Amino acid sequence: MRLRAAALLLLAPLLAGCELAGGLAGGLSGAATGTITSNPAVGYAVGVTVRAAADAAMKRWMRGMQNDEQIAIAQAASELAAGDSRPWQVKHELPFGWRDQAGQLAVTRVIDTPLTQCREILFSVQEKPEAPPEGIFVATTCRNPAGWRWASAEPATARWGYLQ
């Protein structure tokens, strides 16, 4: 019974997911440094620095995952004409903590200018194919020298965060 309780105690932080990673790393490194140096101020400084670095690394990784989704949606839209629709999907290389995404997208308008070609799209995001969509979003994708990319600031700031 004691072994099971100890295992649950050690595994409990894993249930909190990615949000706890920076705080846990900062707390452990700060406590270890403060103990080794016998100086709590140094331990605190190290802990705060490690937490900030871990949080920044996690946010960068999450932005990369969102960028993969946006590129997948833009690529799928690039193959459609106005009024056409099709499913889109992205598979992440490291899916732990972040599920693969899929949904439907439809091109509502093709915007052709002398500078570039753009497509205005509606798209949904679904956790599972049989599940209802988590939401329907509006976006604009445009062709640039690197291919089709995200070009709008509209699709739900709360969902897309900094990658609008």
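Here, every reference points to the structure presented above.
Per chain, residue numbering runs from 1 following the sequence as it is written. Per-residue local features of the predicted model are confined to residues with pLDDT of at least 70, and side-chain atom pairs are confined, for both listing and counting, to 80 or more; whole-chain, interface and lining totals are unaffected and use all residues. Think of the side-chain values as coming from all heavy atoms in the structure, minus any hydrogens and water.

Draft legend 1. Representation of the state of the cysteines. Our working definition of a disulfide is a cysteine sulfur pair at a distance within 2.5 Å. Under the counting rule described, the total for this entry stands at 1 disulfide. Each sulfur of the disulfide joining C118 and C142 lies 2.0 Å from the other. Across the S-S bond of C118 and C142 the torsion is about 105°, and the bridge reads as right-handed. In this pair, C118 sits in strand β3 (residues 117–125) while C142 sits in strand β4 (residues 135–144), placing the two residues 24 residues apart along the sequence. Here the two residues C118 and C142 agree in accessibility, since each one is buried. Labels follow the DSSP assignment, with helices taken as runs of H or I lasting at least four residues and strands as runs of E lasting at least two, numbered in each case from the N terminus. Think of it in three bands: residues with accessible area under 20% of the maximum for their type are buried, residues over 50% are exposed, and the middle band is partly exposed, with areas taken using a 1.4 Å probe on protein chains only.

Draft legend 2. Seen up close, the pattern of salt bridges. Here a salt bridge means any side-chain nitrogen of Lys or Arg lying within 4 Å of a carboxyl oxygen belonging to Asp or Glu. This structure, assessed with the given rule, holds 3 salt bridges. The closest approach of N and O atoms between R51 and D55, which form a salt bridge, is 3.5 Å. Residue R51 and its partner D55 are both found in helix α3 (residues 40–78); the two are separated by 4 residues, about one turn of the helix. Judged by relative accessible area, which is 24%, D55 ranks as partly exposed. Here R109 ties to E120 by a salt bridge, and the two come within 3.1 Å at their closest N and O atoms.

Draft legend 3. Molecular detail of the sheet that holds β3. A pair of strands is labelled paired if DSSP reports no fewer than 2 bridges between them. Pairing within the open sheet is antiparallel, and its 5 strands lie in the order β1-β2-β3-β4-β5. In this open sheet, the two edge strands, each paired with only one partner strand, are β1 (85–90) and β5 (147–150). Geometrically, the sheet is characterised by an average inter-axis angle of 35° between neighbouring strands, direction not taken into account. Every axis corresponds to a line fitted to the C-alpha atoms, with the helix fit spanning only the stretch in contact, and the corresponding angles, defined between N-to-C directions, vary from 0 to 180 degrees.

Draft legend 4. Broad picture of a nonpolar patch on the surface. There is a patch of nonpolar side chains on the surface, built from L122, I136 and V138 and spanning about 260 Å² of accessible area. If you trace the backbone, L122 turns up in strand β3. Each patch is built from residues that are more than 30% exposed by relative accessible area and take part in no salt bridge. Like charges join if they lie within 9 Å; nonpolar side chains (Val, Leu, Ile, Met, Phe, Trp, Tyr) join within 5 Å. Accessible areas in this description were obtained via Shrake-Rupley with a 1.4 Å probe; residue shielding takes into account the shown protein chains only.

Draft legend 5. Structural context of the side chain of T141. Residue placement: T141 occurs in strand β4. Relative accessible area serves as the criterion here: at 0%, T141 is assigned to the buried category.

Draft legend 6. Looking closely at the packing of aromatic side chains. Put simply, two rings from Phe, Tyr or Trp (the six-membered ring, in Trp's case) pair if the centres are within 6.5 Å, and we call them stacked under 30 degrees between planes, edge-to-face over 60, tilted for the rest. If you walk through the whole model with that rule in mind, you get 2 aromatic pairs. Between the aromatic rings of F123 and F137, the centroid separation amounts to 5.4 Å while the plane-to-plane angle is 35°, which identifies the pairing as tilted. In this pair, F123 is assigned in strand β3 and F137 in strand β4, connecting sequence segments 14 residues apart. With a centroid separation of 5.6 Å and 75° between ring planes, the pair formed by F123 and W150 is classed as edge-to-face. In this pair, F123 sits in strand β3 while W150 sits in strand β5, placing the two residues 27 residues apart along the sequence. Residue F123 is classed as buried on the basis of its relative accessible area of 1%. Here a set of aromatic residues connected by ring pairs shows up, and it is made of F123, F137 and W150.

Draft legend 7. Structural detail: unusual backbone geometry. Notably, S38 is not glycine yet its phi reads approximately 60°, a positive angle. Considering the arrangement of structural elements, one finds S38 in the loop between α2 (21–37) and α3.

Draft legend 8. Looking closely at α3. Helix span, as expected, comes to 1.5 Å for every residue beyond the first. In this model, α3 (39 residues) spans 56 Å end to end at C-alpha, consistent with the 57 Å of a helix rising 1.5 Å per residue. Of all the positions in α3, only G43, G47, M65, Q66, E69, Q70, A72, I73, A74, A76, A77 and S78 are classed as buried. Polar contacts, as counted here, are pairs of nitrogen or oxygen atoms within 3.5 Å of one another; within protein the pair requires one atom able to donate a hydrogen and one able to accept it, and residues that are adjacent in sequence qualify only if both atoms are side-chain atoms. Where α3 begins, the capping side chain belongs to N39, and its oxygen is found 3.0 Å from the backbone nitrogen of A41.

Draft legend 9. Molecular detail of the nonpolar core. Within the largest apolar cluster, 15 residues are counted, with the highest numbers of intra-cluster contacts made by I73, W88, L105, V107, I121 and F123. Sorting the residues of this core by element identifies α3, β1, β2 (101–112), β3 and β4 as the ones contributing at least two each. Considering every element that reaches this core, the biggest residue donor is α3, with 4 residues. Among the buried residues, those of types Ala, Val, Leu, Ile, Met, Phe, Trp, Tyr and Cys that are joined through side-chain atoms within 4.5 Å form a nonpolar core.

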